[in-house]
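# Coordinate analysis (summary)
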Amino acid sequence: MNTPAALPRLVPRPLERAAFAPFGEVIEASDAVRHFTINAGNTERYHDLATIEPGADGRAIVSIFRAQPRSLPFAVTMMERHPLGSQAFMPLSGRPWLVVVAPAGPPPKVEDLRVFLARGDQGVNYAPGVWHHPLLALGEVSDFLVIDRSGPGANCDEAVLTPAGLIPA
Ligand SMILES: NC(=O)N[C@@H](O)C(=O)O
Ligand code: NI
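Here the residue numbers are simple positions, counted from 1 along each chain's written sequence. Whichever chain is written first becomes A and whichever ligand is written first becomes 1, with later ones labelled in order. Confidence filtering applies because this is a predicted model: local features only for residues at pLDDT of at least 70, side-chain atom pairs given and counted only at 80 or more, and all residues used for totals across whole chains, interfaces and linings. Side-chain measures here rest on the full set of heavy atoms in the structure, leaving out hydrogens and waters.

## Describing the overall build of the protein chain
The following threshold applies: Runs of H or I in DSSP of at least four residues are treated as helices and runs of E of at least two as strands, each being numbered from the N terminus. Radius of gyration means the value over C-alpha atoms here, while the globule rule gives 2.2 Å times the residue count to the 0.38 power. Note on exposure labels: buried denotes an accessible area under 20% of the residue type's maximum, exposed denotes more than 50%, and partly exposed covers the range between, all computed with a 1.4 Å probe on protein chains only. Residues are treated as being in contact if the distance between any of their heavy atoms lies within 4.5 Å. Residue exposure ignores everything except the shown protein chains as possible cover, and the areas themselves are Shrake-Rupley values with a 1.4 Å probe. Positive: Lys, Arg. Negative: Asp, Glu. His and the chain ends are not part of the count. Lys charges are placed at NZ, Arg charges at CZ, Asp charges at CG and Glu charges at CD.
The helix and strand tally for the protein chain stands at one helix and 14 strands. Since a compact globule built from 169 residues should have a radius of gyration of about 15 Å, the 17 Å found for the protein chain is in line with a globular shape. For the C-alpha atoms alone, the extent of the protein chain along its principal axes is close to 60 × 35 × 30 Å. Across the 169 residues of the protein chain, 39% fall into the buried class. Contacts in the protein chain between residues far apart in sequence, at least 24 positions, make up 82% of those at least 6 positions apart. Roughly 8,700 Å² of accessible area belongs to the protein chain as shown, and the carbon and sulfur atoms make up 55% of that amount. Between the averaged position of the 14 positive side-chain charges in the protein chain and that of its 17 negative side-chain charges there is a distance of 2 Å.

Encoded structure:
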C-alpha cells in the first residue's frame, strides 16, 4: 500500500563534502577547498570546485533554472540520471534546497537513496550517471545556475521508484 503513512521515510541530512563524495562534488566557498587571493587582494578565489564533464562529443552549457517550490512532505516517486555528462546546480536565491541522490549503476531502490539539505550557499555537481531527483527548490520560486552537457545521444534516463520514499515536512 503506497499511502504516505506507509512510505519509507527519507530524512535529510546536512550537505557536506565527504558524505556527498560518492555522488559528485559540493560547490561552496569553504576553507576545506583550495583558495587563494587574487585581484590585488580584492577577491578570494575558491578554485576548481567541481569536475564538469560534457563528454568527448558534448559541450558544457550554462543555463538558469527557475524552479517552483516543492511542498513537504514530498514523495520521491522517480529518479533520473545523465549517463553522458555531469550536471551542476548552484542556487542564486540564497535559500536552502533538497538534493536526492543514489549511486551510479542499476536503477535505485528506496534504500539506496540519500537525501541532503543544502544551504543557500551550497551547490552540487552530479557526476555522470549518478541517480538524482529533478531539482527540488523549497519555500519560494528559486533560480539556480546550471552547468551541464549539450550534445548528441540520449542523456536522461528515468527510473520509477517502487515503493516511493517520503521526505517528511
Ligand atoms: N531536465 C533537466 O534539465 N533537469 C533535470 O536534469 C534536473 O536534474 O533537474
Ligand atoms: Ni538532472
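## As for the nonpolar core
For the record, the criterion: Residues belong to a common nonpolar core when they are buried Ala, Val, Leu, Ile, Met, Phe, Trp, Tyr or Cys residues joined through side-chain atoms within 4.5 Å.
Core analysis: the biggest nonpolar cluster contains 19 residues, and F20, W97, V99, V101 and F116 have the highest contact counts within it. Contributing elements (two or more residues each) for this core: α1 (17–20), β8 (97–102), β9 (114–118), β10 (123–126) and β13 (142–150). With three residues, the single largest contributor to this core is β8. If we ignore the near neighbours within four places in the chain, the residues touching F20 are L15, E25, V26, V99, V101, F116, V124, N125 and Y126. Formed by 16 residues, the second largest nonpolar core is a distinct cluster that contains V76, A102, W131 and L136.

## Points about the coordination of the nickel ion (ligand 2)
Stated precisely, the cut-off is as follows: Only nitrogen, oxygen and sulfur atoms qualify as donors, and only when within 2.8 Å of the metal (3.2 Å in the case of Na, K and Ca); with water excluded, sites may look incomplete. Square planar and octahedral assignments, for four and six donors respectively, both demand that opposite donors be over 155 degrees apart and that all other angles lie between 65 and 115; tetrahedral needs four donors with all angles between 85 and 135 degrees, and anything else is irregular.
On the protein side, the nickel ion (ligand 2) has E80 (OE), H82 (NE2), Q87 (OE1) and H132 (NE2) as donor atoms, found 2.1 to 2.2 Å from it. Seen from the nickel ion (ligand 2), its six donor atoms lie at angles of 75 to 176°, and the figure they make is octahedral. Between consecutive donors of the nickel ion (ligand 2), the numbers of intervening residues give the motif E-x1-H-x4-Q-x44-H. With Q87 in strand β7 (residues 87–91) and H132 in strand β11 (residues 131–132), the pair connects residues that are 45 residues apart, well separated along the chain. Side by side, Q87 and H132 carry an identical accessibility label, which is buried.

## Some words on the layout of surface pockets
Empty space among the atoms becomes visible once a probe the size of a water molecule is rolled across them. For the record, the criterion: A pocket, in this scheme, is an open set of points on a 1 Å grid over the protein atoms alone with protein on both sides within 12 Å along at least 5 of 7 lines, while a cavity is a set where a 1.4 Å probe fits but cannot get out; residues line either one if an atom lies within 4 Å of a point. Grid points are joined across faces, edges and corners, and a volume is the space filled by probe spheres set on the points. Amino acid classes used here: Ala, Val, Leu, Ile, Met, Phe, Trp, Tyr, Cys and Pro are nonpolar; Asp, Glu, Lys and Arg are charged; the rest, including Gly, are polar.
Reported here for the largest pocket is a volume of approximately 170 Å³. Lining of the largest pocket is provided by I27, L49, A50, I52, A88, F89, M90, L145 and I147. Partitioned by chemical class, the residues of the lining of the largest pocket number nine nonpolar, no polar and no charged.

## Remarks on the site of ligand 1
Rules: In these notes, residues near a molecule or strand are those with any non-hydrogen atom within 4 Å of it. Any pair of N or O atoms that falls within 3.5 Å is considered a polar contact. Within protein, one atom must be able to donate a hydrogen and the other to accept it, and sequence-neighbouring residues count only if both atoms are side-chain atoms.
The environment of ligand 1 is made up of F65, E80, H82, Q87, F89, H132, P134 and L135. The separation between an oxygen atom of ligand 1 and a polar side-chain atom of E80 is 2.5 Å. At 3.2 Å, a side-chain N or O of H132 approaches an oxygen atom of ligand 1. Coverage of ligand 1 by the protein amounts to 71% of the 270 Å² it exposes when considered alone.

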